[in-house]
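Summary of the model geometry
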Amino acid sequence: MRSMLFLTAMFILFGGSKAAASERVDNFRLLDQDHSAHELYYHKNAKAVVLLVTMNGCPIVRNLLPDLRDIRAKFGDEVEFLLINSSLQDTHKSIRQEVAEFGIDFPILVDDAQLIGETLELDRSGEVLVIDTSNWRVAYRGPINDRVGYEIQRNSAKAHYLTDALAAVVAGQTVEVPKREVFGCIINFPERDQKTEHAKISYSETIAPILEDRCVACHRPNAIGPWAMTSYEMIRGFSPMIREVVRTRRMPPWEVDTNLPEIHAARGLTLEERKTLVHWIEAGSPRGIGEDPLLQVKPLENGWLLGEPDLVVEAPPFTVPATGIVEYQYPAIPNPLDRDVWVRAVSIQPGQTKVVHHILVGTSEEVIPIGDQRRDAVFRNYLMAYAPGAESYVYPEGTGVLVKAGGQIHLQVHYTPYGREATDVSKIALYFHDKAPVHNLRQQVVLGFDLQIPSGEARHEERAYFEFDKPAIIYSLFPHAHFRGIETRFDIHMPDGKVEPLLHVPRYDFNWQHNYSLAEPIKVPAGSRLVHRSVYDNSAANPANPDATREVPWGLQSHDEMLYGGFFFRWENGTSKNPVHDELNFQIAQFYGALDDDFSGALTLNEMPPWLSKLFKSGQLDRFNTNKDNALTRSEYRAFADYSAAERAKNSAANVNRQ
Ligand code: HEC
């Protein structure tokens, strides 16, 4: 075995053109030092991807960075440059420190499970791998040049291996010497070449329980996963695919930055679980001894996961055409209840999962006729949002939402045709409290409705905020964007200027919508802002992007974009007996958070929408602009809004009197 390896290595070293036929590099996704996600195959439109192997505290890498920068300056348009750190002792945090200290301006992929380093056979820092994207094979691996060795450094290099290799790959030619010896610090891979050990990982005691914990909820008969984990044979058959989805972090569909506040019922695999699954598969997915626990996996009952509901209502049937775009639907169902109830949980079952993109549910005390008002009716007394990944919401302990007798249950439904006509009847289940809970649960949205995403841009960030005018307690966060959304965050900006990150989703995936419940609800003082930021990839490299040539505006349909950060919270001083509620303040908070681009707290002329700047310029707002500057603060705007509301009330009273 050893001599075979040696022969192969010799062959690669001296094998001339044949050496280009090196191993194909399988796709992977890793998070960088800032927890942003990078996927290898995303860079398919580049000619090559350069990976420089690094580790903290390695002088050779530090010395080589200026050379890598020069090469990037030359090839940066056609080649992607990344660093990769697989060393056991480095963490995201220590890598961030190294980045700051040495001014490193390349993303460093953190291979904390060492799975990628193991298969790329990384050995020493200082090595570069040139991956040819036309076939995903390693076209060159070795040093950048001959300038730096152990304790020697020349002023300039004589041989420019990386430059030569890139010139060849970019020109579609073979690299003459595809592998060279590297000087650098040795990286410890204790689990590499441990196939015999890995073959002892027990399917029945280790692998199957991980799958039961993390995957089976969706991967069982009748559930949303496309195949069911019902036996060892199924797992063995899907093994290569399981390895791929784990290495690319596509499954389970859940990824949050785990350095931030803990998320309740988090679904991600731990680092150990990822390693164990992949090592077991790479060792040939052995069955071993013991019972097969997956034989006990039961189909998902066509029932409610939260138990028997107190009320189930059905949406009116809706037939979704085979193709085309369906405008949002706003059906309303008469509320059959003749008493007021406090809701403690909501669950939604789409009739046709393939066509139901999302459903929002809320109620109103009045009957609201079809028309403009219907569109917002769901937000009057909001209950929850359904999307794959968010089927139910059990409200936080001690909270509930009051649904008054009568009126209507409102839905906002987004249907997406899938090639065959389908008639959907979705069901909504409500669960009631026995008696009124202590607190009213509320829902609001940080909205960035003035977004504008330039065509072709790969990382465009939009942000907006919601300012709490009273102390509040935040329970859960629901980031939402469309096809171009790739990364999303929530932070709290405290009144004293401190910023506390709450949630970071490194790889937002439009196919999955999660309501992230904070394990510990967070209390925020008055004047705090909940800031929602999302990054959009409007380049052609984004496989989900329907049109990279388009400047993308705000819009409800998926080909337009949204910056929509839903959140559930309660007012600290409000109780269900003594609720604090001020609808106008909500609206103004949303309006300011969307338009106040520089986060100054006041709308300047260029931030105002046209109707407002027109009023402002005409002098009609002068008496509200108490500090006489060129902007409107939120309290100044509030005074104007109160005045307008009073005027409207007077006019309508006058109209009634006249009749
Ligand atoms: C929340 C539900 C859910 C969970 C949890 C989940 N999956 Fe999936 N899985 C799906 C769905 C839905 C698809 C189909 C995705 C698609 O077609 O894009 C899928 C697809 C797959 C595929 C096929 C490859 C593909 O992209 O179509 C594999 C393999 C897989 N899952 C493995 C896993 C493993 C392993 C776990 C646990 C570690 C897991 N899944 C957890 C819902 C889930």
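Residues numbered from 1 in each chain as written. Predicted model: local features only at pLDDT ≥ 70, side-chain atom pairs only at ≥ 80, totals over all residues. Heavy atoms only, no water.

1. A look at the coordination of the iron atom of the ligand
- On the protein side, the iron atom of the ligand has H219 (NE2) and M251 (SD) as donor atoms, found 2.0 to 2.3 Å from it.
- One can describe the donor arrangement at the iron atom of the ligand as octahedral, given that its six donor atoms subtend angles of 85 to 179° at the metal. Separated by 32 residues along the polypeptide, H219 in the loop between α7 (203-214) and α8 (232-247) and M251 in the loop between α8 and α9 (271-282) bring together distant segments of the chain.
- Residue H219 is classed as buried on the basis of its relative accessible area of 9%.
- Taking the relative accessible area as the measure of exposure, M251 reaches 31% and is therefore partly exposed. (Donors = N, O, S within 2.8 Å, 3.2 Å for Na, K, Ca; no water. Tetrahedral: all angles 85-135°; square planar, octahedral: opposite > 155°, others 65-115°. Helix = DSSP H or I, 4+ residues; strand = E, 2+ residues; numbered from the N terminus. Buried < 20%, exposed > 50% of the residue type's maximum accessible area, 1.4 Å probe, protein only.)

2. With respect to the site of the ligand
- Close contacts around the ligand come from 19 residues, with C215, C218, H219, R250 and M251 the closest.
- Taking H219, its side chain carries an N or O atom lying 2.8 Å from a nitrogen atom of the ligand.
- One of the side-chain N or O atoms of R250 is found 2.7 Å from an oxygen atom in the ligand.
- The element best represented in the shell around the ligand is α8, accounting for three residues. (Near = heavy atom within 4 Å. Polar contact = N/O pair within 3.5 Å; in protein donor to acceptor, adjacent residues only side chain to side chain.)

3. Some remarks on the nonpolar core
- Judged by nonpolar contacts, the single largest core of 77 residues is most densely connected at V130 and L166.
- Sorting elements by how many residues they give to this core places helix α2 (residues 59-75) first, with seven residues.
- Three or more residues apiece are contributed to this core by two domains, here domain 1 (2-170) and domain 2 (199-296).
- Formed by 45 residues, the second largest nonpolar core is a distinct cluster that contains A315, Y328, Y382 and L383. (Core = buried A, V, L, I, M, F, W, Y, C linked by side-chain atoms within 4.5 Å. Domains from an automatic or database assignment.)

4. Side note on the side chain of E462
- In this structure, E462 sits in strand β24 (residues 460-467).
- At 8.1 Å, R463 is the nearest oppositely charged side chain to E462, a buried residue that forms no salt bridge.
- Among the polar contacts made by the side chain of E462, one reaches the side chain of H460 at a distance of 2.8 Å. (Lys, Arg positive; Asp, Glu negative; His and termini not counted. Salt bridge = Lys/Arg side-chain N within 4 Å of Asp/Glu carboxyl O.)

5. Re the sheet that holds β24
- With antiparallel pairing, the four strands of this open sheet are ordered in space as β24-β29-β26-β27. At either margin of the open sheet sits one strand with a lone partner, and together these are β24 and β27 (499-505). Neighbour-to-neighbour, the strand axes of this sheet turn through a mean angle of 20°, independent of strand direction.
- One ladder, built from eight bridges, connects β24 with strand β29 (residues 529-536); its direction is antiparallel. Looking at β29, one finds that Y465 is bridged to V531. (Pairing = 2+ DSSP bridges. Axes fitted to C-alpha atoms, helices over the stretch in contact; angles between N-to-C directions.)

6. Section: the state of the cysteines
- Per the counting criterion, the structure on display carries one disulfide.
- Covalent S-S linkage joins C58 and C185, the inter-sulfur distance amounting to 2.4 Å. An S-S torsion of about 90° defines the bridge between C58 and C185 as right-handed. Highlighted residues: C58 in the loop between β3 (48-54) and α2 and C185 in the loop between α5 (161-170) and α6 (195-198), separated in sequence by 127 residues.
- Overall, C58 belongs to the buried group, its relative accessible area being 1%.
- You can call C185 partly exposed: its relative accessible area is 22%. (Disulfide = S-S within 2.5 Å.)

7. A look at the pattern of salt bridges
- Under the counting rule described, the total for this entry stands at 30 salt bridges.
- Here R243 makes a salt bridge to D26, at a shortest N to O gap of 2.8 Å. Here the residue R243 occupies a position in helix α8, and D26 occupies one in the loop between α1 (2-14) and β1 (29-32), the gap between them amounting to 217 residues.
- Residue classification places D26 among the partly exposed positions, given a relative accessible area of 33%.
- Between D105 and R69 there is a salt bridge whose closest N-O contact spans 2.8 Å. Residue D105 is found in the loop between α3 (92-102) and β5 (108-110), and its partner R69 is found in helix α2; the two are separated by 36 residues along the sequence.
- Classification of D105 as partly exposed rests on a relative accessible area of 40%.

8. A word on the domain arrangement of the protein
- Here the protein is described as being made up of domain 1 (2-170), domain 2 (199-296), domain 3 (311-437) and domain 4 (442-599).
- Measuring from the centre of the C-alpha atoms in domain 1 to the corresponding centre in domain 2 gives 30 Å.
- Each side of the interface is counted separately: domain 1 has twelve residues, and domain 2 has 13 residues.
- Carbon and sulfur atoms supply 49% of the area that domain 1 and domain 2 bury against each other, a total of about 1400 Å² over both sides.
- Three residues stand out in domain 1 for area buried against domain 2, namely R29, H35 and L115, and they jointly supply 39% of the buried area on that side.
- Summed over the shared surface of domain 1 and domain 2, the result is two salt bridges.
- The interface formed by domain 1 and domain 2 includes ten residue pairs in polar contact (both at pLDDT 80 or more).
- When residues of the side of domain 1 that touches domain 2 are traced back to their parent elements, those giving at least two are β1 and α4 (115-119).
- The residue inventory of the side of domain 1 that touches domain 2, partitioned by class, reads five nonpolar, three polar and four charged. (Contact = heavy atoms within 4.5 Å. Buried area = accessible area lost by both parts, 1.4 Å probe. Nonpolar A, V, L, I, M, F, W, Y, C, P; charged D, E, K, R; others polar.)

9. Some thoughts on the sheet that holds β5
- Taken in spatial order, the seven strands make up an open sheet running β2-β1-β5-β4-β3-β6-β7, and their pairing is mixed. This sheet does not close on itself; its edge strands, each paired only once, are β2 (37-39) and β7 (137-142). Within the sheet, the average angular offset between the axes of one strand and its neighbour, ignoring direction, is 35°.
- Bridge count for strand β4 (residues 79-85) against β5 is three bridges, and the pairing is parallel. For N85, the partnering residue across the bridge sits in β5 and is V110.
- Each of β3, β4, β6 (128-132) and β7 touches α5; the most contacted strand, β6, lies at about 5° to it.

10. Focus on the pairing of strand β20 (residues 427-432)
- Taking burial as the measure, the six residues of β20 include five buried ones, the bulk of the element.
- Pairing geometry for strand β10 (residues 311-314) and β20, over four bridges, is antiparallel. Its bridge partner being in β20, E314 is matched across the sheet by K427.
- Here strand β13 (residues 341-349) runs beside β20; their pairing, made up of six bridges, is antiparallel. Residue pairing in the sheet places V346 in a bridge with L430 of β20.

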